[in-house]
There are 2 protein chains.
Amino acid sequence: MSEASPIVVPRGFRASAVKAGIKPSGGLDLAMLVADVPCTAAGTFTTNRVCAAPVQWCRSTLPSSSVRAIVVNAGNANAATGYQGNANVSRTAALAAELIGCEATDVLVASTGVIGHQLPMDRLETGLRSAAPALSADPESFRTAAQAILTTDTRTKIVSETRGPWSLFGMAKGAAMIGPRMATMLAFLATDAKVREETLQRILSEVVDESFNCVSVDGHTSTNDTVLLLASGLAPGGELEGPALEEFTETVRAACRTLAMEMAADGEGSTHFITIDVEGAADREEARTLARAVADSPLVKTAIHGADPNWGRIVSAAGYAGIPFDENELSLWLNGVCVYEKGTPTTFDADALSADIRGRRDVTMRLLFARGEAAIRFWTCDLTAEYVHLNADYTT
Amino acid sequence: MSEASPIVVPRGFRASAVKAGIKPSGGLDLAMLVADVPCTAAGTFTTNRVCAAPVQWCRSTLPSSSVRAIVVNAGNANAATGYQGNANVSRTAALAAELIGCEATDVLVASTGVIGHQLPMDRLETGLRSAAPALSADPESFRTAAQAILTTDTRTKIVSETRGPWSLFGMAKGAAMIGPRMATMLAFLATDAKVREETLQRILSEVVDESFNCVSVDGHTSTNDTVLLLASGLAPGGELEGPALEEFTETVRAACRTLAMEMAADGEGSTHFITIDVEGAADREEARTLARAVADSPLVKTAIHGADPNWGRIVSAAGYAGIPFDENELSLWLNGVCVYEKGTPTTFDADALSADIRGRRDVTMRLLFARGEAAIRFWTCDLTAEYVHLNADYTT
């Protein structure tokens, strides 16, 4: 949604953000999202073996039915920080719990920023003490929180939906692993709908697989990726079930897809937003593997940046994905133009297609295989010299 | 070896190269390597599912004990070209066979260049008719052939070794998949040592695994990768066995490693040559997977380009390789400096390390795991804005 769009704050939530001095820039870098009542909560996290301390903390407590707060800091990932890193998360949760009156285990923590540096706990603690009194249900405080969790993002990523008695608020940061200081994919969703924790976890895991897990900017999986969904249950009408629960699931799915697409669209240095449709795969994971191989190929990404309809780079990227397809059954459409049909090149106007790619930000690729019925939609962006500058022209 | 180093031509081989007009640049683009006697021959090829027609041709005939020639063209990959592409390879082999007097099945063919375009057979045939009469055992003709197989390479890649009675010549092109027109990794080795075909194939498969399969510039596996080894057996002393065969194997291994390292060192737009040592892995493939994840991470490659000792990018890249290691058992050395020890950051002079990286072209990374005894040495280069320009600022 545009940064000016109105935000509906779900019942029972307050937010605040402060400049704790963790970001070298001195900008907003510490956000709190607090619930007035115990919430059911679900989460999904990075699969990276080098896993940030806050991710380990959240994993140990979720799913839960007594979550009261989420504390997020930007500027420091608290990843690869050893035992001291784990101790710092515990201290953060304990202090937040003391400030709002709950158990430390009811506080979730997330971090994003540079890897391998210990958190400046003095600044973080001072920041929490000033953020707690500032907690407010005012939409503006949520907008400010959405700004505080950003690192190299160029804009906030917010969704706000109302469905009858309940509403859903979501905010995210990141454009995959493109930050010069190791950006991270973070997303936080809050609703006043009443949903039990197991159901909430099932729904979140399902929709994340079709949204955030379908985005790649440079294929570098973060150590901190975190998606959290809290439900206060304060909306009238009681626990959602049947059609109402279905509507809730679809709303969360749409919200996560919107936030995921905004990440790829905000890919660092990017000039094109690329949507890859893989169809005719044997199963969903196979479709994802094929789409990811294309999305992560520097040659495919630079070709699009150069408005070069060099489709050979696309089919050859799919070719090394490790899926034993028959090239004589593969067809490819680039911006709607069939350039490769069942293993044979077609005759098409390369100049016109090149002009079409150069002319607009959105690019579509459709790869049709003949291995089955599975399909997936995947999002990425092009690779530009600006990406290299932003990630290389920086020295610790 | 330097371009001026003397070349020893193994007994029984002749070479030539011409400008057939396949490359838009009009440069040398067609090379012939011919043997006066039937050779035992071995080959290894790309694993890409989209596999070039010449690769399919070579696969169907190797290993063999009657190979008489290798025909190589640059400027057109003859990949993703359907049945017409297969027909063109057959015609190429048939004409070459007619010109030198052998069976078409005794002629090997290799191509590199743009994907998805049919070969200009008229030009290729005219080129072959002028290349055949020019075949010569003069070292200069081999040097010229080594130039004709290049695409975006900045220099020829040649090895020439003599061991007692026999000698080995090798030439290669490519810096992995970095060419704006889909470069390819090609390597051709010729020896007058007498080695039976099964032995030759075993030796080649073994050494390729430790040389060419340990190089990555951008992780984009070509549709045309080909390594061929021909042995004329004309050297005195008869068939190699025991220690002599061991020496031959080690010589081929060293030659392939040299050519492979020259590819990474010639990585398009690169400013740093990176050597990655992975130790303590459970097995060799696991070590390769970990090394490749680090080598292919755009964030790792841009960090080195920026002389940024941002080691978090390196350990996190290993973290998403899919190997279930314990981060508390991982240690990392960057240019010899231990920056991460058993899951905890060390204290080191970041400015000094940054200056060290900026100061020289060679960079070394050593990742030590505690999962086993397997190790591997992998080579890559950094990612620069020049790479993006070279691959994007080109329109078909």
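Residues numbered from 1 in each chain as written. Chains lettered and ligands numbered in written order. Predicted model: local features only at pLDDT ≥ 70, side-chain atom pairs only at ≥ 80, totals over all residues. Heavy atoms only, no water.

The name that an unreviewed UniProt entry assigns to chain A is Arginine biosynthesis bifunctional protein ArgJ, with the source organism given as Paludisphaera mucosa. The annotation that UniProt attaches to chain A under Sequence similarities (unreviewed entry) is "Belongs to the ArgJ family." Under the Function (unreviewed entry) heading, UniProt states for chain A: "Catalyzes two activities which are involved in the cyclic version of arginine biosynthesis: the synthesis of N-acetylglutamate from glutamate and acetyl-CoA as the acetyl donor, and of ornithine by transacetylation between N(2)-acetylornithine and glutamate." (UniProt positions renumbered as here; feature names shortened; annotations may be inferred.)

Trainee: It is not clear to me how the interface of chain B and chain A should be interpreted in this structure. Could you clarify?
Mentor: Where interface size is quoted, it is often the accessible area lost as the parts come together. Taken together, the contact between chain B and chain A spans 67 residues of the former and 67 residues of the latter. The junction of chain B with chain A conceals about 4700 Å² of combined surface from both sides, 58% of it contributed by carbon and sulfur atoms. The largest contributions to the chain B side of the interface with chain A come from B:Arg49, B:His220 and B:Leu299, which together make up 13% of the buried area. Linking chain B to chain A there are 0 salt bridges. The interface formed by chain B and chain A contains 10 residue pairs in polar contact (both at pLDDT 80 or more). Those elements that provide at least two residues to the side of chain B that touches chain A are α2 (82–100), α8 (298–305), α9 (312–319), β12 (344–345), α10 (350–359) and α11 (385–392) of chain B. Residues belonging to the side of chain B that touches chain A are distributed by class as follows: 30 nonpolar, 28 polar and 9 charged. (Contact = heavy atoms within 4.5 Å. Buried area = accessible area lost by both parts, 1.4 Å probe. Salt bridge = Lys/Arg side-chain N within 4 Å of Asp/Glu carboxyl O. Polar contact = N/O pair within 3.5 Å; in protein donor to acceptor, adjacent residues only side chain to side chain. Helix = DSSP H or I, 4+ residues; strand = E, 2+ residues; numbered from the N terminus. Nonpolar A, V, L, I, M, F, W, Y, C, P; charged D, E, K, R; others polar.)

Trainee: Just checking my understanding: could you explain the relation of the copies chain B and chain A for this structure?
Mentor: Think of it as a corkscrew move, a rotation about one axis and a shift along it, taking one chain copy to the other. Between the two copies, chain B and chain A, the superposition gives an RMSD of 0.0 Å; the rotation angle is 180° and the shift along the axis is 0.0 Å. What the superposition gives is, in effect, a two-fold axis relating one chain to the other. Proximity to the rotation axis, assessed at the C-alpha, singles out B:Ala385 in chain B; its C-alpha lies 2.2 Å from the axis. When the interface residues of chain B are mapped onto chain A, 100% of them again lie at the interface, so the same face is used by both copies. (Least-squares fit on C-alpha atoms with pLDDT ≥ 70 in both.)

Trainee: Please explain the sheet that holds strand β11 (residues 337–341) of chain B as it appears in this structure.
Mentor: Hydrogen bonds along the backbone pair up the strands of a sheet, which may run parallel or antiparallel. Residues and elements named next belong to chain B. The strand order β12-β11-β10-β13-β9-β14 describes an open sheet built from 6 strands, whose pairing is mixed. Since the sheet does not close on itself, it has two edges, and those belong to β12 and β14 (374–381), each with one partner. As judged from the 3 bridges shared by strand β10 (residues 331–334) and β11, these two strands associate in the antiparallel manner. Looking at β11, one finds that Leu-334 is bridged to Val-337. On the sheet, helix α7 (residues 284–295) packs against β9 (273–281), β13 (362–368) and β14 and is oriented at approximately 25° with respect to β14. (Pairing = 2+ DSSP bridges. Axes fitted to C-alpha atoms, helices over the stretch in contact; angles between N-to-C directions.)

Trainee: How do you make sense of the side chain of A:Ser16 when you look at a structure like this?
Mentor: Residue and element names in this part refer to chain A. You can see Ser-16 is positioned in strand β1 (residues 13–18). In this structure the side chain of Ser-16 is engaged in a polar contact, spanning 2.8 Å, whose partner is the backbone oxygen of Ala-131. If sequence neighbours within four positions are ignored, Ser-16 has contacts with Leu-30, Ala-31, Met-32, Ala-131, Ala-134, Leu-135, Ser-141 and Ala-145.

Trainee: Which parts of the structure should I look at to understand the domain arrangement of chain A?
Mentor: Residue and element names in this part refer to chain A. Per the domain assignment, the segments of chain A are domain 1 (13–265) and domain 2 (273–392). Its C-alpha centre places domain 1 at a distance of 32 Å from the equivalent point of domain 2. Across the domain 1/domain 2 interface, buried area totals approximately 1500 Å², and carbon plus sulfur atoms make up 50% of it. At the boundary of domain 1 and domain 2, one finds 2 salt bridges. Measuring nitrogen to oxygen at the nearest pair gives 2.9 Å for the salt bridge that ties Arg-288 to Asp-209. Linking domain 1 with domain 2 are 5 residue pairs in polar contact (both at pLDDT 80 or more), by the criterion used here. With 4 residues, the top contributor of residues to the side of domain 1 that touches domain 2 is helix α6 (residues 242–265). (Domains from an automatic or database assignment.)

Trainee: It is not clear to me how helix α1 (residues 53–61) of chain A should be interpreted in this structure. Could you clarify?
Mentor: Each α-helix winds once per 3.6 residues, and so residues spaced three or four apart point in a common direction. Along α1(A), the residues classified as buried are A:Ala53, A:Pro54, A:Val55, A:Trp57, A:Cys58 and A:Thr61. In this structure, the buried side of α1(A) is in contact with β2 (30–45), β3 (64–76), α2 (82–100), β4 (107–114) and β8 (226–231) of chain A. (Buried < 20%, exposed > 50% of the residue type's maximum accessible area, 1.4 Å probe, protein only.)

Trainee: Any chance you could explain the pairing of β13(B) here in plain terms?
Mentor: Regular strands have side chains that alternate between both faces of the sheet. All names here are of chain B. Burial along β13 is one-sided: Val-363, Met-365 and Leu-367 are buried, while Asp-362, Thr-364, Arg-366 and Leu-368, pointing the other way, are not. The sheet contact formed by β9 and β13 spans 7 bridges and is parallel. Paired with Phe-273 across the bridge in β13 is Asp-362. As paired elements, β10 and β13 share 4 bridges and run antiparallel to each other. Looking across to β13, one finds that Leu-334 is bridged to Met-365.

Trainee: Would you take a moment to explain the packing of α2(A) against helix α3 (residues 121–131) of chain A for this structure?
Mentor: To characterise two packed helices, one gives the angle between the axes of the helices and the distance between these axes. Residue and element names in this part refer to chain A. Where α2 contacts α3, the two axes come as close as 10 Å, and the packing angle between them is 20°. Considering their axes alone, α2 and α3 lie roughly parallel with respect to each other. Of the two elements, α2 crosses α3, and the hand of that crossing is right-handed. Seen from α2, the contacting residues are Asn-88, Arg-91, Thr-92, Leu-95, Ala-96, Glu-98 and Leu-99; seen from α3, they are Met-121, Leu-124, Glu-125, Leu-128 and Arg-129. Of the residues belonging to the contact of α2 with α3, the class tally is 6 nonpolar, 2 polar and 4 charged. (Parallel < 35°, antiparallel > 145°, perpendicular 65-115°, else oblique. Left-handed = near helix turned anticlockwise from the far one by under 90°.)

Trainee: Got a minute to help me understand the side chain of B:Ser211 in this structure?
Mentor: All names here are of chain B. By the secondary structure assignment, Ser-211 is in the loop between α5 (197–209) and β8 (226–231). According to the relative accessible area criterion, Ser-211 is buried, its value standing at 0%. Only 2.7 Å separates the side chain of Ser-211 from the backbone oxygen of Val-207, close enough to count as a polar contact. With near-sequence residues (within four places) excluded, Ser-211 lies in contact with Cys-256, Arg-257, Ala-260 and Trp-379.

Trainee: Please clarify how the packing of α8(B) against α9(B) should be interpreted in this entry.
Mentor: All names here are of chain B. Relative orientation of the contacting elements α8 and α9 amounts to 160°, with a least axis distance of 9 Å. In terms of orientation, α8 lies roughly antiparallel with respect to α9. Viewed along their axes, α8 and α9 form a crossing whose handedness is left-handed. In this structure, α8 contributes Leu-299, Val-300, Thr-302 and Ala-303 to the contact, and α9 contributes Arg-313, Ile-314 and Ala-317. Each residue belonging to the contact of α8 with α9 can be placed in one class, and the counts come to 5 nonpolar, 1 polar and 1 charged.

Trainee: Whenever I open this one, helix α8 (residues 298–305) of chain A confuses me. Can you help?
Mentor: Residue and element names in this part refer to chain A. Most of α8 sits inside the fold, with 7 of its 8 residues counted as buried. The complete set of buried residues in α8 reads Pro-298, Leu-299, Val-300, Lys-301, Thr-302, Ala-303 and Ile-304. Phi turns positive, to about 55°, at Ala-307, one or two residues after α8.

Trainee: Explain the packing of aromatic side chains here, please?
Mentor: Think of a pair of aromatic rings as described by two things: how far the centres are apart, and how the planes are tilted against each other in angle. Residues and elements named next belong to chain B. For the coordinates displayed, the defined rule picks out 8 aromatic pairs over all chains. Note on Phe-142 and Phe-169: the rings are 5.2 Å apart at their centroids and 80° apart in plane angle, and the pair reads as edge-to-face. You can see Phe-142 sitting in helix α4 (residues 139–148) and its partner Phe-169 sitting in strand β6 (residues 166–173), a full 27 residues away along the chain. The pair formed by Phe-142 and Phe-169 is uniform in burial state, with each residue classed as buried. (Phe/Tyr/Trp six-rings, centres within 6.5 Å; stacked < 30°, edge-to-face > 60°.)

Trainee: Would you explain the state of the cysteines in this entry?
Mentor: Formally, a disulfide is one covalent bond, and it connects the sulfur atom of one cysteine to the sulfur atom of another. The tally for this structure, following the rule as stated, stands at 0 disulfides over all chains. Not part of a disulfide, A:Cys58 finds its nearest cysteine sulfur in A:Cys51, a span of 9.7 Å. (Disulfide = S-S within 2.5 Å.)

Trainee: I'm lost on the environment of B:Gly85 in this one. Help?
Mentor: Residue and element names in this part refer to chain B. Along the polypeptide, Gly-85 turns up in helix α2. Along the chain, Gly-85 and Gly-116 lie 31 residues apart, while their C-alpha atoms are 9.3 Å from each other. The residues touching Gly-85, leaving out its near neighbours within four places in the chain, are Ala-53, Asn-78 and Gln-118.

Trainee: Would you explain the sheet that holds strand β13 (residues 362–368) of chain A in this entry?
Mentor: Strand order across the open sheet formed by 6 strands is β12-β11-β10-β13-β9-β14 (chain A), with mixed pairing between neighbours. The sheet terminates laterally at β12 (344–345) and β14 (374–381) of chain A, the two strands that pair on one side only.

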